[in-house]
Amino acid sequence: MFPRFSHRLDNIQLSMIRQIMQKAEGCSNLGIGEPDFFAPLAVRNEARRVIDQEKIQYSPNAGLAELQHAVASYHGRLADYAVCICNGSQEALFDIIFALVDPGEEVLVPNPGFVAYATIVRLAGAVAVPYRLPARNDFRLDHDHMAGLFSDRTKAVILNTPSNPTGQVLTEDDLEFITRLADSHGALVISDEIYREIYYGGHKPPGVLEGHSGAVVISGVSKMASMTGWRIGWAYGPRAVIEKTTVMHQYTSSCASSLSQKAALSVFSEDGMREVAGLRRQLAENCSLVCSFLDSELKRRFVRPQGAFYVMVDVSDLGESLSVALRLLRDQVATIPGAAFGSEGEGFLRISFASEPETLEQGLERLRRSDYFCRRQ
Ligand SMILES: Cc1ncc(COP(=O)(O)O)c(C=O)c1O
C-alpha cells in the first residue's frame, strides 16, 4: 500500500493528448505538437564538439551568460530586463506562476489554450479563470468578455500568440488592450510566444514587448528550431520578476542542461537562423497542403492558421471531439480532440502539420479514405 497521494493532484491526470497518443501506435501522427525534423546542423555540430572537448557541469541557475545575452538580444534588449533559462518553456511557466501566486488569487488563461496553463495555476493553489476565444468568431479575442474577467484578485494573464491549438495571432490592438487592462489592475502579462517564429502571413506576428514594457515573454527553441527534446526555454521579463523566477528554478532543476544550452546558442548564429527560416518555409508548405485538402476535398470548415502548426477542423457534425478522435484511431490517424484545450475547443479536432511531408501526406490519404471522416455527399 502506498500512502495517500497529495490532494494537489486531485482531478489532474495526464492530458487527453497523452491519453490519445498512448493509443496511437501505427497511426499517422497528426496529433502531437512537435516538429518532426532534425535540429539545425550548427546545433548538432556544436553539441558534438562540446561532448568531445568540454566538461559538462552545472551552469549558473539562470543559465550561461552567453545564452542569456543571445536571448535578450533576440527579444530586443530592454532596460532592467533579465533572462532565466529553464528546461523548456513549460518549466519557465511553472516557475513564474509558482513564484507569483498565492491560494485564491486568479490567473486568466485562454480557452481553448495549451493544456499546461490551467493545470500549473491549479497546482500552485490559485484559480485559473478561462477567457473565451470564441469558436464562432474563429477563436479571436473577445475584448468585452476579457474586460469583464479582470478583478482585484487577478494576478496575471497568460497570452499565447500564435496560439496552440488555434493558430490565431493576437493583433497589436489586442495586445494594447490587454496590457492596458492588466496595468490598471496591477496584473502581470505573461505572453507565451514560443511559436512566434512560425507564421504564414509574410510578417512576424506582433509580440507583447513591442511597445509595452512590464510584460514577461516565455519562449524557447523547441518549436522554432525543432529542438523539443533538448529542453531549452526561457522567461524574459522585468528583473525583479525574473529574480524570483530564478529562485523557483533553482529548486525545481538547478539549471537547464549545460550541453543543450551550449548547443542552443548556435540557433542564434546566422546558420542557425537560416535553418529556422527553412523550417518556417517547410511548415508553410505543409500548411498550404493541409488547408487545400480540407477546403477542396473534405469541404469542412476550419480556421486558417496564421502561425504555429495546428489547424482546428470543425467536426461538430460527427459528435463529441473525443469520440471523433478515438474513432479516427481505427483509421490509423492520430488527431487531438479540441475539448482537450477547453470547452471552446469542443466540436473541433486539432490537426498538427509539423511532420515530415511523407507522414503528413500519408495521414491525409488515410483521412481521404476514411468513410467515417470523409462522408461522401
Ligand atoms: C503554447 C505552448 N507553450 C509551451 C509549450 C512547451 O514547450 P517547451 O517546454 O518544449 O519549451 C508548448 C508545447 O507544446 C506549447 O504548445
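The coordinates are above.
Described below are features of the structure shown in this document. (Residues numbered from 1 in each chain as written. Predicted model: local features only at pLDDT ≥ 70, side-chain atom pairs only at ≥ 80, totals over all residues. Heavy atoms only, no water.)

## Quick word on the environment of Gly347
How we decide: The helix and strand labels rest on DSSP assignments: H or I over at least four residues marks a helix, E over at least two residues marks a strand, and numbering proceeds from the N terminus. Throughout this description, buried means an accessible area under 20% of the type-specific maximum (1.4 Å probe, protein chains only), exposed means over 50%, and partly exposed covers the range between. When checking whether two residues touch, look at their non-hydrogen atoms; a contact exists if any pair is within 4.5 Å.
Note that Gly347 resides in the loop between β12 (336-337) and β13 (348-352). Its relative accessible area of 7% is what places Gly347 among the buried residues. Considered as a pair, Gly347 and Glu25 are 322 residues apart in the sequence and their alpha carbons are 25 Å apart. With near-sequence residues (within four places) excluded, Gly347 lies in contact with Val313, Asp314, Val315, Ser316 and Ser321.

## Considering the site of the ligand
Condition: Nearness here has a simple test: a residue counts as near a molecule or strand if at least one of its heavy atoms is within 4 Å of that partner. Side-chain atoms alone can form a polar contact between residues adjacent in sequence; in general such a contact is a pair of N or O atoms within 3.5 Å, and within protein one must be able to donate a hydrogen while the other accepts it. To be clear on the numbers: accessible area is Shrake-Rupley with a 1.4 Å probe, and residue cover counts the displayed protein chains and nothing else. Residues are grouped as follows: nonpolar covers Ala, Val, Leu, Ile, Met, Phe, Trp, Tyr, Cys and Pro; charged covers Asp, Glu, Lys and Arg; every other residue, Gly included, is treated as polar.
In the region of the ligand, 13 residues are neighbours, and Ser89, Asp192, Tyr195, Ser222 and Lys223 sit closest. Backbone polar atom of Gln90 to an oxygen atom of the ligand: 3.0 Å apart, as the coordinates give it. A distance of 2.8 Å separates an oxygen atom of the ligand from a polar atom in the side chain of Asn164. Compared with its free state, where it exposes 400 Å², the ligand has 92% of that area covered by protein. Classifying every residue of the shell around the ligand by side-chain character gives four nonpolar, six polar and three charged.

## Examining the packing of helix α4 (residues 89-100) against helix α5 (residues 115-123)
Packed helices, taken two at a time, are described by their axes: the angle between them and the distance between them. Just so we agree on the cut-off: Interaxial angle, 0 to 180 degrees, is taken between N-to-C directions of lines fitted to C-alpha atoms, where a helix line uses only the stretch in contact. Whether a crossing is left-handed or right-handed is set by the direction in which the near helix is turned from the far one by less than a right angle, anticlockwise for left-handed and clockwise for right-handed.
Two numbers describe how α4 lies on α5: the axes approach to 9 Å, and their chain directions differ by 35°. Our pair here, α4 against α5, has a crossing hand that is right-handed. Only Ala116, Tyr117, Ile120, Val121 and Leu123 of α5 make contact with α4, whose side of the interface consists of Gln90, Leu93, Phe94, Ile97 and Phe98. Classifying every residue of the contact of α4 with α5 gives nine nonpolar, one polar and no charged.

## Considering the sheet that holds strand β9 (residues 302-303)
Here is the rule we go by: Two strands pair if DSSP finds at least two bridges between them.
The sheet built from four strands is open, its strands ordered β9-β10-β13-β12 with antiparallel pairing. With one partner strand each, in any of the chains shown, β9 and β12 form the two edges of the open sheet. One ladder, built from two bridges, connects β12 with β13; its direction is antiparallel. Along β13, the bridge assignment pairs Pro337 with Leu349. Contacts between helix α11 (residues 321-330) and the sheet are confined to β12 and β13, with β13 contributing the most and set at about 45° to the helix.

## Let's talk about the side chain of Glu105
Structurally, Glu105 is set in the loop between α4 and β3 (106-111). Side-chain polar atoms of Glu105 contact the backbone nitrogen of Asp102, separated by 2.7 Å. Once you skip the residues sitting within four places of it in the chain, Glu105 turns out to touch Leu100, Ala126, Val127, Arg153 and Lys155.

## Quick notes on the sheet that holds strand β4 (residues 127-132)
Taking strand neighbours across the sheet as the criterion, the seven strands line up as β2-β8-β7-β6-β5-β3-β4 in an open arrangement whose pairing is mixed. Whereas interior strands pair on both sides, the edge strands pair on one side only; in this sheet they are β2 (81-86) and β4. Between one strand and the next, the sheet's axes are offset by a mean angle of 25°, whatever the strand orientation. Strand direction decides the pairing type here: β2 and strand β8 (residues 233-238), joined by six bridges, are antiparallel. Each residue of the ladder has a partner; that of Cys84, found in β8, is Ala235. Each of β2, β6 (188-192), β7 (216-220) and β8 is contacted by helix α8 (residues 239-253), which is oriented at about 20° to β2, the strand it contacts most.

## Some details on helix α10 (residues 270-298)
To keep things clear, this is the line we draw: A helix is expected to span 1.5 Å multiplied by its residue count minus one.
Taking 1.5 Å per residue as the helical rise, α10 with its 29 residues ought to reach 42 Å, and the 41 Å between its terminal C-alpha atoms agrees with that figure. Among the residues trailing α10, Lys299 stands out with phi positive, at a value near 55°.

## Remarks on the environment of Ala92
Within the secondary structure, Ala92 sits in helix α4. On the basis of relative accessible area, Ala92 is assigned to the buried category, the value being 0%. In the structure, Ala92 is positioned 154 residues away from Thr246 in sequence and 9.0 Å away in space, judged by C-alpha atoms. In this structure Ala92 touches Cys86, Ile218, Trp234, Ala235 and Thr245, once residues within four positions along its chain are discounted.

## As for the pairing of β7
Within β7, five of the five residues are buried, leaving the element largely enclosed by the surrounding structure. Alternating positions in β7 separate into two faces, Val216, Ile218 and Gly220 on one and Val217 and Ser219 on the other, with burial throughout. Where β6 and β7 come together, three bridges link them in parallel fashion. Within β7, the residue paired with Ser191 across the bridge is Val217. One ladder, built from four bridges, connects β7 with β8; its direction is antiparallel. Bridge pairing in β8 places Ile218 opposite Ala235.

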